[in-house]
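# Working through the structure, step by step
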Number of protein chains: 2
Amino acid sequence: MDNMKTGELARRAGVNVETLRFYERKGLLPEPPRRESGYREYPEESVRLIRFIKRAQEVGFSLGEVRELLTLRVEPGTSCTEVRRRAEQKVEDVRQKIADLKKIERALTKLAGTCTGRGPVSDCPILESLDGELALSEGSTGRRKAT
Amino acid sequence: MDNMKTGELARRAGVNVETLRFYERKGLLPEPPRRESGYREYPEESVRLIRFIKRAQEVGFSLGEVRELLTLRVEPGTSCTEVRRRAEQKVEDVRQKIADLKKIERALTKLAGTCTGRGPVSDCPILESLDGELALSEGSTGRRKAT
DNA sequence: CTAAGACCCGTACTATGGTACGGAGTCAAG
DNA sequence: CTTGACTCCGTACCATAGTACGGGTCTTAG
């Protein structure tokens, strides 16, 4: 089964049909072949593509950045060196995100663990346990957004 | 030095002055005391708070979600049990994000590593190496967004 | 004392990431 | 061969997350 119409792709990927058209306009979803009627016919792999876009978004990439990730794999005419350089840059971004998330995770775990689970919040040691950790311990002041 | 005005806080936290007012309106930044003139006077910790908001955003939390994270620590009148439950839920969200990022990281690393660094993209094994991994190996079909 | 610069506020504008609408053509089951 | 569901397209609308504007007040260095 290698020809889905918009409705099926949308359903399988868990997005709205309009979203598919939107992604197509934005250059994230390649224009699929059409049948004579004008109906789009998507290949199977489109499902994975859409899901990838969604996941990347959930971890903080804008659609523009997602497109950059995707074009790493298909942009012809770019030298391999260049693609490699950009991929390595992206890996750095991703590692930074992971590091930040781990700090948030630690703070939240501490919070959930310290709390005894009874009594009003004002008595709960949660407040103090969170402070300090939640601010991500400063550390990296300044050199963000050097993308 | 425990009384910053908007300008200094903005500068130190790396955001626009307008953004501070915006966060205040949205309930992310607590209203600071004012001097008689009406000027805001922020405590030192506001810098960390703003930076936390920014980092949380970068890893995919909306301002609404960031507020939820923050109110975990200050909302009085909520039972500790409830706060704990919500914190545990957030930890789950965070772990999912980390897992997704790690998949993206693996795909990108593989990509950067496989590529020899010379020649046009069409000859580069990058394209194939990326496929399969980039789709985040499906796996978790369906039960997302059950927040 | 005064003028540049910071701050106040409300309001308007912008970009991003979709969603919804509605009229027209298409498909497929009965 | 019709009818209801699906698709097409352009355009309009929406929420989120800011950013800019502009007239007025406050502060502070000279």
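For the structure, see preceding data.
Rules behind the numbers
Counting of residues starts from 1 at the beginning of each chain's written sequence and follows it residue by residue. Numbering of ligands from 1 and lettering of chains from A proceed in the order in which they are written. Selection of residues for local features in this predicted model requires a pLDDT of at least 70, selection of side-chain atom pairs for listing and counting requires 80 or more, and totals for whole chains, interfaces and linings are taken over all residues. Excluded from the side-chain calculations are hydrogens and water; all other atoms, namely the structure's heavy atoms, are used. Only DSSP runs of H or I with at least four residues qualify as helices, and only runs of E with at least two residues qualify as strands; both kinds are numbered from the N terminus onward. Exposure is judged per residue with a 1.4 Å probe applied to protein chains only, and the accessible area is read against the type maximum: over 50% gives exposed, under 20% gives buried, and values in between give partly exposed. For this analysis, residues touch if any pair of their heavy atoms sits within 4.5 Å. Accessibility throughout is a Shrake-Rupley quantity obtained with a 1.4 Å probe, and a residue counts as covered only by protein chains that appear here. If even one non-hydrogen atom of a residue comes within 4 Å of a molecule or strand, that residue is called near it. A 3.5 Å cut-off defines polar contacts: any pair of N or O atoms within that distance qualifies, except that in protein one atom must be a possible hydrogen donor and the other a possible acceptor, and neighbouring residues in sequence count only when both atoms are side-chain atoms. For this classification, the nonpolar set comprises Ala, Val, Leu, Ile, Met, Phe, Trp, Tyr, Cys and Pro, the charged set comprises Asp, Glu, Lys and Arg, and every other residue, Gly included, is treated as polar. We call Phe, Tyr and Trp rings a pair once their centres come within 6.5 Å, taking the six-membered ring for Trp, and we label the pair stacked below 30 degrees between planes, edge-to-face above 60, and tilted otherwise. Two conditions define a charge sitting above a ring: the NZ of Lys or the CZ of Arg must be within 6 Å of the ring centre, and it must be within 35 degrees of the ring normal.

## Some words on the overall build of chain A
The number of helices and strands found in chain A is 6 helices and 0 strands. Listing the helices and strands of chain A from first to last along the sequence gives α-α-α-α-α-α. Burial status across chain A gives 42% buried among its 147 residues. Taking as baseline every contact in chain A between residues at least 6 positions apart, the subset at least 24 positions apart corresponds to 49%. Surface summary for chain A: the accessible area is close to 7,800 Å², and the carbon and sulfur share equals 48%.

## With respect to the protein's contact with DNA strand D
In the region of DNA strand D, 20 residues are neighbours, and Arg34 and Arg40 of chain A together with Thr19, Gln57 and Leu63 of chain B sit closest. Atoms of DNA strand D within 4 Å of the protein belong to the sugar or the phosphate in 75% of instances, the rest to bases. The backbone of glycine 7 of chain A places a nitrogen or oxygen atom 3.0 Å from a phosphate oxygen of DNA strand D. Taking arginine 34 of chain A, its side chain carries an N or O atom lying 2.9 Å from a phosphate oxygen of DNA strand D. Here the surface near DNA strand D gets 4 residues from one element, more than from any other, and that element is helix H2 (residues 17-25) of chain B. Among the residues making up the surface near DNA strand D, the classes are represented as 5 nonpolar, 8 polar and 7 charged.

## Thoughts on the packing of aromatic side chains
Residues and elements named next belong to chain A. One pass over the structure, following the stated rule, counts 2 aromatic pairs over all chains. Arranged with centres 6.1 Å apart and planes meeting at 50°, the rings of phenylalanine 22 and tyrosine 23 form a pair that is tilted. When its relative accessible area of 3% is taken as the criterion, tyrosine 23 is described as buried. The lysine or arginine in question, lysine 97, covers the ring of phenylalanine 61, its NZ or CZ lying 4.8 Å from the ring centre.

## What about the protein's contact with DNA strand C?
Around DNA strand C sit 20 residues, and of these Thr19, Tyr39, Gln57 and Leu63 of chain A together with Arg40 of chain B come closest. The sugar-phosphate portion of DNA strand C accounts for 71% of its atoms within 4 Å of the protein, the bases making up the rest. Separating a base nitrogen of DNA strand C from a side-chain N or O atom of glutamate 18 of chain A is a distance of 3.5 Å. Note that a phosphate oxygen of DNA strand C is positioned 2.9 Å from one of the side-chain N or O atoms of arginine 34 of chain B. Mapped by element, the contributors of at least two residues to the surface near DNA strand C are helix H2 (17-25) and helix H3 (46-58) of chain A together with helix H1 (6-13) of chain B. In terms of residue class, the surface near DNA strand C is built from 5 nonpolar, 8 polar and 7 charged.

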